[in-house]
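As a plain string of letters, each chain reads:
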Amino acid sequence: MLLKPPFQKPQITIKDLVLQIISPVDAASFNSALQEYWGMQNIYLTKTARQALWLILSSIKPEPGSEVIVSSFTPVVVPLAAMKAGCQPVFCDVIQDGFVMSPEDAEKKVTKKTIAIVMPYSFGCFSDIEKFTALARKHNLILIEDCAQTLKGKYKDKYIGFNADFGIWSFGISKNIGSLNGGAFWYHDRHKKGVEKAMAKFLLNNKPKHNIFDHFRASGVPFINTRFGYWLLRPIIDYYQRGRETSRSIGYDTAEFDSALTNFEAALCHRQLNRYDHVYQRRKMNYQIYENELKNLVKFPSQPFEFEPDYLYAPILVEQQVRARLLNQFQNTLVSDINFAYINELDVLKGISFNTPNRLRVQDEYLLLTLHHSDKLTRKIARQLKLAIIKFSK
């Protein structure tokens, strides 16, 4: 197969774009749909999840020098959002042989300056909400569930994101519902006054900025999703991504913080939400295919029986040498990784240690398996991986 499909497949279609012209949907409708989907109120829409985190931290009015504990295995936008709110990020290690924060290490990082913990469900994996809730109560801290990579996950029959003080979600193109932009956050009633005041100030000074480029980007997604389109446009995609990472190396990308979600962006999110249950069932089935085929060769995330995951990818751990050879053979087609290493290239984060022991080991051993293909193609991929892992392990 010379031309292989992209690793991540956003779900935007030509039909979505046509329907938005014929029957437009606005941001208020999407907000109502989310509230109905989760059965919860107190939800605000944002441009991005990082903007949601910044607004949350800003709403609690942190004192200068306040610290926020974040995972050391995280995209750079998380510590940058904390810094934009005037806080100092403190990196916490992940659990052994896992991708989520260690509650034991988090407690070691608590100081008199600590005001909040951002607890992520990395790749949709289980994070010990009960231990983190107890930790937050013990030290009187704000607990924020980072659900940027999960949408439908549940713990003890309750949706992830509504178990703490705040929950945040991302609807970006590489996330669970895969739209252009979009984010949301939920707040507990006890934070209503501070949140509503912060949001009123934000919305007064930051109106939605309609960008014709977003329409062109949305129009190009259905073409990019094809085998030929992805590989023809791959150099442009890589160039665009490098430009975004370079801009972050000198500080904040203000456009990602200082504008509200547009009706066009919200409408695309809304249409992805309408079809998400089907996408979720496909990913769940494909995850089980990988697990059945590879469970004796690689490590899958452990999870309690009360947890119902919503995996964005199938994350696995393999021996470092095997991982390198798999990436070389299947990079961006069957397996991939997300490079968080460029955190140490950011000028604004110089001197802040994030090289925690477990994260360093996990980063050298983890791979992500794509979940958006048909079950037939996923079985074929799983068999190819199985044979390659057996071969490379000798």
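Residues numbered from 1 in each chain as written. Predicted model: local features only at pLDDT ≥ 70, side-chain atom pairs only at ≥ 80, totals over all residues. Heavy atoms only, no water.

## Here's the deal with the sheet that holds strand S1 (residues 43–46)
Across the sheet, seven strands lie side by side as S1-S9-S8-S5-S4-S2-S3; this open sheet has mixed pairing. Edge strands, defined here as strands with exactly one partner in the open sheet, are S1 and strand S3 (88–92). Mean inter-strand twist for the sheet, computed between neighbouring axes without regard to direction, equals 20 degrees. As paired elements, strand S2 (residues 67–71) and strand S4 (residues 114–120) share three bridges and run parallel to each other. If you follow isoleucine 69 over to S4, its bridge partner there is isoleucine 117. (Pairing = 2+ DSSP bridges. Helix = DSSP H or I, 4+ residues; strand = E, 2+ residues; numbered from the N terminus. Axes fitted to C-alpha atoms, helices over the stretch in contact; angles between N-to-C directions.)

## Overview of the pattern of salt bridges
Taken as a whole, this structure holds 10 salt bridges when the rule is applied. With a shortest N-O distance of 3.1 Å, aspartate 105 and lysine 109 are connected by a salt bridge. Among the residues examined, aspartate 105 registers a relative accessible area of 16% and is labelled buried. The shortest N-O distance in the salt bridge between aspartate 165 and arginine 190 comes to 3.0 Å. Of this pair, aspartate 165 sits in the loop between strand S7 (158–159) and strand S8 (166–170) while arginine 190 sits in the loop between strand S9 (183–187) and helix H7 (192–205), and the two are 25 residues apart along the sequence. On the accessibility criterion, arginine 190 (53% relative accessible area) is exposed. (Salt bridge = Lys/Arg side-chain N within 4 Å of Asp/Glu carboxyl O. Buried < 20%, exposed > 50% of the residue type's maximum accessible area, 1.4 Å probe, protein only.)

## A short note on the pairing of strand S5 (residues 142–146)
Where burial is concerned, most of S5 is hidden: five out of the five residues are buried. Burial of S5 is two-sided: the residues Ile142, Ile144 and Asp146 facing one way and the residues Leu143 and Glu145 facing the other way are all buried. Taken together, the five bridges between S4 and S5 define a ladder with parallel strand orientation. Counted as the bridge partner of proline 120 is aspartate 146 from S5. Note that the unit made of S4, helix H6 (residues 129–139) and S5 has a crossover that is right-handed. Where S5 and S8 come together, three bridges link them in parallel fashion. Looking at S8, one finds that aspartate 146 is bridged to isoleucine 168. (Right-handed = clockwise from strand over helix to strand, strands pointing away.)

## Some points on H6
Buried within H6 we find Ile129, Phe132, Thr133, Leu135 and Ala136. For H6, the angular spread of the buried residues around the axis is 160 degrees, confining them to a single face. Looking at H6, the residues exposed on the side facing more than 90 degrees away from the buried face are Arg137 and Lys138. In this structure, the buried side of H6 is in contact with helix H5 (103–108), S4, S5 and strand S6 (154–155). Positive phi shows up at asparagine 140, right after H6, with a value of about 55 degrees. (Arc of directions from axis to C-beta. Contact = heavy atoms within 4.5 Å.)

## Considering the packing of helix H11 (residues 276–294) against helix H14 (residues 375–392)
Taken N-terminus to C-terminus, the directions of H11 and H14 make an angle of 25 degrees; their axes are 9 Å apart at the nearest point. Considering the angle they form, H11 stands roughly parallel to H14. Considering only the axes of H11 and H14, their crossing is right-handed. Touching Met285, Asn286, Ile289, Tyr290, Glu293 and Leu294 of H11 are Asp375, Thr378, Arg379, Ile381, Ala382, Arg383, Leu385, Lys386 and Ile389, all from H14. Of the residues belonging to the contact of H11 with H14, the class tally is eight nonpolar, two polar and five charged. (Parallel < 35°, antiparallel > 145°, perpendicular 65-115°, else oblique. Left-handed = near helix turned anticlockwise from the far one by under 90°. Nonpolar A, V, L, I, M, F, W, Y, C, P; charged D, E, K, R; others polar.)

## Let's talk about the packing of helix H2 (residues 27–38) against helix H10 (residues 263–274)
Where H2 contacts H10, the two axes come as close as 8 Å, and the packing angle between them is 30 degrees. Relative to H10, the element H2 lies roughly parallel. Seen along the crossing, H2 lies across H10 with a hand that is left-handed. Contacts between H2 and H10 involve Ala27, Ser29, Phe30, Ala33, Leu34 and Tyr37 from the former and Asn263, Ala266, Cys269, His270 and Leu273 from the latter. Class assignment of the residues belonging to the contact of H2 with H10 gives a composition of eight nonpolar, three polar and no charged.

## As for the confidence of the model for the protein
Averaged over all residues, the pLDDT of the protein is 84; the fraction at 70 or higher stands at 79%. Element-level pLDDT for the protein is lowest in helix H9 (residues 227–248), with a mean of 60, against a maximum mean of 98 in S5. (pLDDT = per-residue confidence, 0-100.)

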